[in-house]
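# Coordinate analysis (summary)
Letter by letter, the chains look like this.
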Amino acid sequence: MDRVQRYLFSNFVSSFASLFSTLFIIMSIVFFLQIARITSFIEINFSELVKLYLFMLPRILIFTVPIAFFVALSISLFRLSKENETIVIFTIGYATRKIALFFGISAALCSLALLFVSLFMMPIAENLKDNFIDYKKISATLNIKSNEFGQKFSDWLVFIDSQENNGTSTLYKDLVLYNPGGSQDHHERMIVARSGEFKNENASFSAMLHDGKIYTMGGEQWHVSEFESLTLRTQSDRNIRGGGGVIGYWSEMSGSEKRRKEFSIYTLVSLFPLASFLFALSLGIVTYRYEKGFVYAGIFGVLFSYFALIMLLSKHPSIALPVTFGVTLIASLLYYRIKIAPRY
């Protein structure tokens, strides 16, 4: 790495660090919201929260690193062009093909690392996450609290007015449970009880309710039943999913559309730095005195086009991979040869 390459790389790294940290925080918030949904039916402590987050970390990296790489490369070169530093570099006889070769190698290494994360680390992390959630469903107590909306017990929405802790158990007061019914059962049901308890015994979750009424609503008819004691039971899956390993995870592609889409999306997103680095050079290198460039519109256009192709073709990996990657790489090479190679 010569001095020019070190200088260009240092500018790129500073831009990449700021963009990556911003995208990483945003994606982490999104995944923490997903974790929050999990805590609505199981209870986890802080160390388990960190463990769940680490299981989701490979997926966060897959989506943040490629975008940060492309945008940072474009912006850093455009900033140097705006300050006429690229003109100085070209004036001393430094060829653009050397810059393209240097960042092409960097993009290839980045894509190889991302492919390792997406095709090897991500399946392992996903299996660990699924097994952890299955285990918690079997062993954990229900995380139901008083005066909170949106809580669920099986298909029932639950609201509790108050609670009393009696050592090892919790007695809930003034409970309301509502079941909106399903596609086959069109009857809505609501249960009102003076007191109740929720227990988990051998993966069988039960709600033991006392002194209440059941309202069944269907069309214009309402049925009201009173009870002294009522037990609602729901059976959780006792089975912990087998790991299957990386090969087992991806071998499901033949019969799973979801797995085919994942393979297409993760592979193509990982290859994005390699497919787009010439676009970044072409958008970032300008003679700022005569052309202001359209770097921001160009960045948006490349990102939109690439990810739109992924979404449209992701169900068919054999088509999505060569078409999306090949078209983008060829288009970026043509754009580079038309805009940059003859002028610099």
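Residues numbered from 1 in each chain as written. Predicted model: local features only at pLDDT ≥ 70, side-chain atom pairs only at ≥ 80, totals over all residues. Heavy atoms only, no water.

## Describing the overall build of the protein
The condition that has to hold: Secondary structure elements are taken from DSSP: a helix is a run of H or I of four residues or more, a strand is a run of E of two residues or more, and numbering for both begins at the N terminus. The buried label applies to any residue whose accessible area, calculated with a 1.4 Å probe on protein chains only, is under 20% of its type's maximum; exposed applies above 50%, and partly exposed to all values in between. Should any heavy atoms of two residues lie within 4.5 Å, those residues are counted as being in contact. Computed by Shrake-Rupley with a 1.4 Å probe, the accessible areas treat only the displayed protein chains as cover when residues are assessed.
Along its length, the protein carries 8 helices and 6 strands. Sequence-ordered secondary structure for the protein, helices as α and strands as β, is α-α-α-α-β-β-β-β-β-β-α-α-α-α. In the protein, buried positions account for 44% of the 344 residues. Considering only contacts within the protein whose residues lie at least 6 apart along the sequence, 66% involve residues at least 24 apart. Here the protein displays about 18,600 Å² of accessible surface, and carbon together with sulfur accounts for 61% of that area.

## Notes on unusual backbone geometry
In this structure, aspartate 174 is a non-glycine residue whose phi angle is positive, near 55°. Checked against the element boundaries, aspartate 174 lands in strand β3 (residues 169–179). On the accessibility criterion, aspartate 174 (41% relative accessible area) is partly exposed. Residues other than glycine seldom take positive phi values, yet aspartate 211 does so here, at roughly 55°. Along the chain, aspartate 211 falls in strand β5 (residues 204–218).

## Considering the pairing of strand β2 (residues 156–166)
The following threshold applies: One bridge is not enough; two strands pair if DSSP finds at least two bridges between them.
As judged from the 3 bridges shared by strand β1 (residues 151–153) and β2, these two strands associate in the antiparallel manner. Residue pairing for β2: phenylalanine 153 is matched across the bridge by tryptophan 156. In this structure, the hairpin formed by β1 and β2 is closed by a connection of 2 residues, where serine 154 is found at a positive phi of approximately 60°. With 9 bridges connecting them, β2 and β3 associate as antiparallel partners. Its bridge partner being in β3, valine 158 is matched across the sheet by leucine 177.

## Considerations on the nonpolar core
Going by this rule: Note on terminology: a nonpolar core comprises buried Ala, Val, Leu, Ile, Met, Phe, Trp, Tyr and Cys residues joined through side-chain atoms within 4.5 Å.
Of all hydrophobic cores here, the largest spans 57 residues; its most connected members are Leu8, Phe70, Leu73, Phe103, Leu281, Ile299 and Tyr306. Of all the elements in the fold, those that place two or more residues in this core are α1 (3–38), α2 (46–82), α3 (85–91), α4 (96–139), α5 (245–250), α6 (257–284), α7 (295–313) and α8 (317–339). Per-element accounting of this core gives the leading share, 14 residues, to α6. Contacts of leucine 281, omitting those with residues within four sequence positions, involve Leu73, Leu77, Ile99, Ala100, Phe103, Tyr336 and Ile340.

## Considerations on the packing of aromatic side chains
Just so we agree on the cut-off: For Phe, Tyr and Trp, rings pair up if their centres lie within 6.5 Å, where Trp contributes its six-membered ring, and each pair is then called stacked (planes under 30 degrees apart), edge-to-face (over 60) or tilted (otherwise). Two limits define a charge over a ring: the Lys NZ or Arg CZ must be within 6 Å of the ring centre, and within 35 degrees of the ring normal.
Considering all chains together, one arrives at 20 aromatic pairs under this definition. Their ring planes at 40° and their centres at 5.5 Å tell us that phenylalanine 20 and phenylalanine 24 sit as a pair that is tilted. Taken together, the positions of phenylalanine 20 and phenylalanine 24, both in helix α1 and 4 residues apart, correspond to about one turn of that helix. Put simply, the rings of Phe9, Phe12, Phe16, Phe20, Phe24, Phe69, Phe102 and Phe103 touch in pairs and so form one group of aromatic residues. Note that lysine 98 overlies the ring of tyrosine 94, its terminal NZ or CZ placed 5.3 Å from the centroid. Its end group placed over the ring of tyrosine 249, arginine 259 keeps NZ or CZ at 3.9 Å from the ring centre.

## As for the confidence of the model for the protein
The predicted coordinates of low-pLDDT regions are not to be read in fine detail. For clarity, the threshold we go by: The predictor attaches a confidence to each residue, and that confidence, scored 0 to 100, is pLDDT.
The pLDDT averaged across the protein works out to 84; a share of 88% of its residues lies at or above 70. Element-level pLDDT for the protein is lowest in β1, with a mean of 74, against a maximum mean of 93 in α7.

## Quick look at the environment of phenylalanine 325
The residue phenylalanine 325 is located in helix α8 in this model. Sequence spacing of phenylalanine 325 and isoleucine 310 is 15 residues, and the spatial spacing of their C-alpha atoms is 9.4 Å. When near neighbours in sequence (up to four residues on either side) are disregarded, phenylalanine 325 contacts Leu268, Leu271, Leu274, Ala275 and Ala320.

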